[in-house]
Amino acid sequence: MNEENQTTVADFLLLGFNDLYSFRDVLFICLFLIYLATVSGNLMIIVLVTFSPRLDSPMYFFLGHLSCCDLLLTTVIVPLMLDSILTEVTISFVGCFAQFYLFGSLATTECYILSVMSYDRYLAICDPLHYSSAMNLKRCFHLAFWCWVLAFLLMLLTAVQVGRLKFCGPNVIDHFFCDLAPLLQLSCSDTAFVEAENLVVGVPSTFLPLLYITKTYMSIFCAILKIPSAIGKKKAFYTCSSHLTVVCIYYGTLIVAYLFLSKSHSLNLNKVLSLLYTVLTPLLNPLIYSLRNKEIKKALSKFLIGFN
């Protein structure tokens, strides 16, 4: 195509769940209620971790950051998705670019925070005598800081390359948010470099933390097996069971969506899997920690009594 005949796309049309148009009211209500529950649950965790002396420990400090990341991630995606269910939604190129960048950065931040939380559990179980000195307040702040900064800087490399792509039409994205795959499909530029850069930077940023978490938990399980008493084993495993559950849910949906189904023609299945890690996982995280953690239950009860 000649350069002079190319037209630059100024905005994109998000189709969302157009195949479920006849169920749009029910779908909107369900997702809206899930979003409200997600916001409420993660805000509850953030408030409790911030103000409850009972939760003044590194494990809950990182849990607060995880809830903050979940809250931001679902807020970047869900409001626009809800709008697309009821009406035809167009998003500007800048808005689409910003959503893609923020979503990718927050998803990567969550991977880093989960890996730092596994490091915290490793020290607590495998090296308890040095835990207090190793996970002091300064170290916790540094770890949390670099989880956020490193993720946003690395994602910026991919985002800049996506921002330089040309879009000549069509401008229809068959998804409910601006993900990388549909954007590359719509571009009239050569996307080989962007795909290679995303493979070199993005994949290690996501799966190296998973390898670290796996190695960490292998060491944790070995240490737990060496504990002589059954009560001691149960108590040690209980302290990391919530985190392990969250890791399995989050990475399970990511791996299936981006590794096994990245080339799939089942767009509806990709949308469902995308819902799992953009909507359901941020909802499940506070539920898992609040339902399985006695300290959070006690802190919540005390907070509610004091509030009344």
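Everything numeric in this text was worked out from a predicted model, so none of it was measured. (Residues numbered from 1 in each chain as written. Predicted model: local features only at pLDDT ≥ 70, side-chain atom pairs only at ≥ 80, totals over all residues. Heavy atoms only, no water.)

Consecutive side chains along a regular strand alternate between the two faces of the sheet. Pairing geometry for strand β1 (residues 11-14) and strand β2 (residues 89-92), over four bridges, is antiparallel. Across the sheet, the residue bridging to L14 is V89, located in β2. For β1 and strand β3 (residues 172-173), the ladder comprises two bridges, and the chain directions are parallel. By the bridge assignment, L14 is partnered in β3 with I173. (Pairing = 2+ DSSP bridges. Helix = DSSP H or I, 4+ residues; strand = E, 2+ residues; numbered from the N terminus.)

Let's shift gears to a nonpolar patch on the surface. The grouping of I29, F32, L33 and L36 at the surface amounts to a nonpolar patch, some 360 Å² of accessible area in total. Its place among the elements puts L36 in helix α1 (residues 24-51). For L36, a relative accessible area of 38% puts it in the partly exposed group. (Patch = residues over 30% accessible without salt bridge, like charges linked within 9 Å, V, L, I, M, F, W, Y side chains within 5 Å. Areas by Shrake-Rupley, 256 points an atom, 1.4 Å probe, with all protein chains shown as cover. Salt bridge = Lys/Arg side-chain N within 4 Å of Asp/Glu carboxyl O. Buried < 20%, exposed > 50% of the residue type's maximum accessible area, 1.4 Å probe, protein only.)

Moving on, we get to the sheet that holds β3. Here we have three strands laid out as an open sheet, ordered β2-β1-β3, and mixed in their pairing. The open sheet has two edge strands, β2 and β3, and neither has a second partner. Contacting β1 and β2, helix α2 (residues 58-86) crosses the sheet at an angle of about 140° to β2. (Contact = heavy atoms within 4.5 Å. Axes fitted to C-alpha atoms, helices over the stretch in contact; angles between N-to-C directions.)

Per the UniProt record, the feature "transmembrane region" (unreviewed entry) sits at residues 26-48, 60-80, 100-119, 140-160, 207-225, 237-260 and 272-291. For residues 140-160, helix accounts for 100% and strand for 0%, while the C-alpha atoms at its two ends are 31 Å apart. (UniProt positions renumbered as here; feature names shortened; annotations may be inferred.)

Relative to each other, helix α5 (residues 137-163) and helix α7 (residues 192-225) sit at 165°, their axes nearing to 10 Å. The angle between α5 and α7 falls in the class roughly antiparallel. Pair α5 / α7 crosses with left-handed handedness. Residue-level inspection shows L154, L157, T158, Q161 and V162 of α5 in contact with α7, the latter providing F193, V194, E197, N198, V201 and S205. For the contact of α5 with α7, the class distribution of residues is six nonpolar, four polar and one charged. (Parallel < 35°, antiparallel > 145°, perpendicular 65-115°, else oblique. Left-handed = near helix turned anticlockwise from the far one by under 90°. Nonpolar A, V, L, I, M, F, W, Y, C, P; charged D, E, K, R; others polar.)

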